[in-house]
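Here's the letter readout for the chains.
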Amino acid sequence: MPIVQIILAIALVLAVILALSFIAKAQRAAKRVSEDGKVIRFVLTNNQSGLIRLDREHRIVEIDDVACELLDQSRDALLKRSLFAFIGREQLPALGDRNAAVATTNLTLTNGNRHIPCQVIYQVILDQYQQPDGSYLLLKSLAEQLDQGTYLRQAAAVFAHAAEGIVILNGNGRVELVNPAFTTITGFTKDEVIGRTPQFFRYGHIWAELLATGHWQGEIVNTRKSGESYPQWLSLSAVYGADGTAQSYIGLFSDVSRLKKSEDELKHMAHYDALTDLPNRTLLSIQLNMALERAARRSNKLAVFGVDLDGFKTVNDSLGHPAGDLLLQKIAARLRMTLRSEDVVARMGGDEFAMIIENPPSAVHIGHLAEKLIAAVDKPVDLQGSKAHVTASVGIAIYPQDGHDATSLLKAADTAMYASKQAGKNTYRYHDEEMARAADQRMALEQGLRQAQELHQLELCYLPQLDIQSGRVLGVEALVRWHHPELGTIDAVEFATVAEETGLIVSVGEWALRAACGQIQAWTREGLFSGSVSVKVAGLQIERNDFYASVNRALEETGVEPGRLVIEVNEHTLLRNTAHVLAELDRLRNLGVGIVIDDFSIGHASLAYLKNLRVRGIKIHQRFVLGLPADKNNAAITRAIIAMGHSLGFDLIAEGIETKEQEIFLEEEGCAQAQGRLYSKPIPRGEFESWLQARLTAVADARNALADASNGARQP
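Residues numbered from 1 in each chain as written. Predicted model: local features only at pLDDT ≥ 70, side-chain atom pairs only at ≥ 80, totals over all residues. Heavy atoms only, no water.

Per an unreviewed UniProt entry, the protein goes by Bifunctional diguanylate cyclase/phosphodiesterase and derives from Parasulfuritortus cantonensis.

In structure tokens:
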């Protein structure tokens, strides 16, 4: 074999051997790299660091799970993407520099709106020609470290600037550290308390509970350095070590002096009247229940007084609310001075007061005390230059005969007080069974009246008003009747007082106005009656600011001409709030509504306002008509009213005509109109229509008879 061929064969064998050797070494190296990679990735994963390998164009060619989670994207979404989609080039200027050593830097990864602070360690990869062939990046989030740093700074700021005192104790309960608020609240400096046991541990139960449960919270009384005691809200908690033993204790406390003061003020506001500083209804009820417990335990008597001021509303309306408030304050002081120190006086609201008299010496003492209270109130009161005078109506209830609980005794005293008002005011009355029955009836009336409108139990009846000379029906007065399911038909005079005292008179009065206007419209439409309809109006209705509007609304809704409606106003209403009432009535008069003064008398007050009041007429009270013509005094008064009415140009209507003699006297004296049982009692709509038809027929027959007689007399 030629030498050349031998050499070539040897070279080929060596090449194969070298190739096989190289492949074996490469396989061993790859296996070692793979095993090393697993170890590296295990370390990186447990160190919460992410690994990214980039190609020479800085595109991601390999990325682990930690890095994917850090960038909040999947591996497929990140592969082949440029690293600079997440990091600004200026943050890694040396990336890709073959001369760059392993470098570490802090930078911010950006992924949409997320900004992630990171620490980055990077190394450039060189190829066999020592040229950059990519790079490795090791990323670790710094967010948790920054959060911890922020948390520590915030905690330090809270400790330094908290308004609450903070004290840190060692495991033995001695002071290790206090914050500035501790000194502000207690007055003790840090150096004065470190190493000492806090004052609050003088309460033995605090330390015992803290050791047992690891926590205590509550209110204590502590002492400042100055010696001043103050209320403190304290919270203590144990801090446990790894072995489960308490290593230290943290106390947080605040000075609650202002809070306690505010609580006391709120309690005072809840239980005392703001105007008079007397106990209010709530506190009186509490005190009365306690007094009743004592009285029952000791078998003592107990008296409850109910006091209402007579004439207070007049003072309040005439002099104004500030004057009324001052009056209540001065009367409250007088009542307080009249009682014993152990007795209780409370303001129940408005001008009502109540008193508790425990263990009165005798029944005579109770009566004398009531007289003293009435005398104390009955003195003039100076209201900053103005003099005012009110009186007191007093009701008395006695435990146990008038009740065994607070509610029944207060109700009994109120019933007795109402009886003293009925008796003429400025006096006192004891509660009795007859009063209780009357009060129950009154309550039943009030409750029934609240439902009467909804249940359609109210009805208007009509009292005819006639021209005395001709007998012609000029108008009617509309009167409310209540058809009670148990008590039968009740006249307005029987429930008017209850309606006024409860304010129900306003809604009942508005109903009467609407019903009267509706009836006028119906009679007009049917051609049955063309006269006027009068409606009595209570003072409370006019004193409300919307009275004119309510009348005008009733007229507009029914289409009634204002001249067909007449408003009757009691003269006491005019005297009670003259300016406002006159203004409202004047607006109605300008609208065309007739105004008539009901129950007119000739007192000085009546004459004083009458000259300023433009009304259609006045009604002569039936008490003056009673006994005419035999009663000389009534006859003189009636003549005076008629003469005055003529001089002022008023129509005159006499009320309560029952006899022909009364009618003749009134006609002779110049009173042209009258109403009363001589003509008709108040009757329902249907009866009135029948009565009216019969009246018209009788008048026509009388006229025809008179004409026939006159014609017969002229015949020869």
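Asker: Would you mind showing me how to read the overall build of the protein here?
Answerer: Regarding its fold elements, the protein presents 25 helices and 27 strands. Every one of the 716 residues in the protein was classed for burial, and the buried ones make up 40%. Put simply, 56% of the contacts in the protein that link residues at least 6 apart link residues at least 24 apart. Surface accessibility of the protein: about 38,800 Å² in total, with carbon and sulfur atoms responsible for 54%. (Helix = DSSP H or I, 4+ residues; strand = E, 2+ residues; numbered from the N terminus. Buried < 20%, exposed > 50% of the residue type's maximum accessible area, 1.4 Å probe, protein only. Contact = heavy atoms within 4.5 Å. Areas by Shrake-Rupley, 256 points an atom, 1.4 Å probe, with all protein chains shown as cover.)

Asker: I would appreciate a short explanation of the sheet that holds strand β17 (residues 428–430) in the present structure.
Answerer: Pairing between sheet strands relies on hydrogen bonds along the backbone, with the strands arranged either parallel or antiparallel. Taken together, five strands build an open sheet; the order of strands is β12-β13-β11-β16-β17 and the sheet is mixed. One side of each edge strand has no neighbouring strand; the edge strands of this open sheet are β12 (344–349) and β17. Neighbour-to-neighbour, the strand axes of the sheet open up by a mean angle of 20°, direction not taken into account. Relative to strand β13 (residues 352–358), β12 runs antiparallel, the two being bridged by five bridges. Following the sheet pairing, Val345 is matched in β13 by Met355. Set on the sheet, helix α11 (residues 321–338) makes contact with β11 (302–310), β12 and β13; between it and β13 the angle comes to about 10°. (Pairing = 2+ DSSP bridges. Axes fitted to C-alpha atoms, helices over the stretch in contact; angles between N-to-C directions.)

Asker: What is the right way to look at the confidence of the model for the protein in this model?
Answerer: Mean pLDDT for the protein: 84, with 87% of residues reaching 70 or above. Mean pLDDT values over the elements of the protein span from 42, in helix α1 (residues 3–46), up to 96, in strand β26 (residues 673–674). Low pLDDT (under 50) marks residues 1–46, which in the prediction has seven contacts with non-local residues, meaning those over four places away or in another chain. (pLDDT = per-residue confidence, 0-100.)

Asker: Is there a simple way to think about the sheet that holds strand β3 (residues 103–111) in this case?
Answerer: If you trace the five strands from one edge of the open sheet to the other, you get β2-β1-β5-β4-β3, paired in antiparallel fashion. Lying at the two open borders of the sheet, with one neighbouring strand each, are β2 (60–63) and β3. On average, each strand axis in the sheet is inclined to that of its neighbour by 30°, with strand direction left out of account.

Asker: Whenever I open this one, the packing of aromatic side chains confuses me. Can you help?
Answerer: When we look at a pair of aromatic rings, we describe it by the centre distance and by the angle of the planes. Going through the model one piece at a time under the given rule, you end up with ten aromatic pairs. Between the aromatic rings of Tyr462 and Phe688, the centroid separation amounts to 6.2 Å while the plane-to-plane angle is 40°, which identifies the pairing as tilted. Of this pair, Tyr462 sits in strand β18 (residues 458–467) while Phe688 is found in helix α25 (residues 685–714), placing the two residues 226 residues apart along the sequence. According to the relative accessible area criterion, Tyr462 is buried, its value standing at 3%. The class for Phe688 is buried, based on a relative accessible area of 0%. The ring of Tyr230 carries the charged tip of Arg224 above its face, separated from the ring centre by 4.1 Å. The residue whose ring lies beneath Arg587 is Tyr548, and the NZ or CZ to ring-centre distance is 3.9 Å. (Phe/Tyr/Trp six-rings, centres within 6.5 Å; stacked < 30°, edge-to-face > 60°. Lys NZ or Arg CZ within 6 Å of the ring centre and 35° of its normal.)

Asker: For this particular structure, what's the right way to read the nonpolar core?
Answerer: Generally speaking, a soluble globular protein has its nonpolar side chains buried in company with each other. Judged by nonpolar contacts, the single largest core of 76 residues is most densely connected at Leu565, Leu666 and Phe688. Looking at this core, the element that brings in the most residues is helix α16 (residues 504–526), giving eleven residues. The contacts of Leu565, once residues within four sequence positions are left out, are Leu513, Cys517, Val533, Val535, Val551, Leu555, Val593 and Gly594. In terms of nonpolar packing, the next biggest core, distinct from the first, is built from 33 residues, Val315, Ile357, Ala370 and Ile374 among them. (Core = buried A, V, L, I, M, F, W, Y, C linked by side-chain atoms within 4.5 Å.)

Asker: Even after reading the chapter, I still don't get unusual backbone geometry, so can you show me in this structure?
Answerer: It is generally the case that most residues other than glycine have a negative phi and that most peptide bonds are trans. Residues Tyr399 and Pro400 are joined by a peptide bond in cis, for which omega reads 10°. Looking at the element boundaries, Pro400 is found in the loop between β16 (391–399) and α13 (406–422). Residue Pro629 is bonded to the preceding Leu628 through a cis peptide linkage, with omega at 0°. In this structure, Pro629 sits in the loop between α22 (622–625) and α23 (632–648). Residues other than glycine seldom take positive phi values, yet Asp277 does so here, at roughly 60°. Within the secondary structure, Asp277 sits in the loop between α8 (257–271) and α9 (281–298). Residue classification places Asp277 among the partly exposed positions, given a relative accessible area of 45%. At Lys425, a residue that is not glycine, the phi angle is positive and equals roughly 70°.

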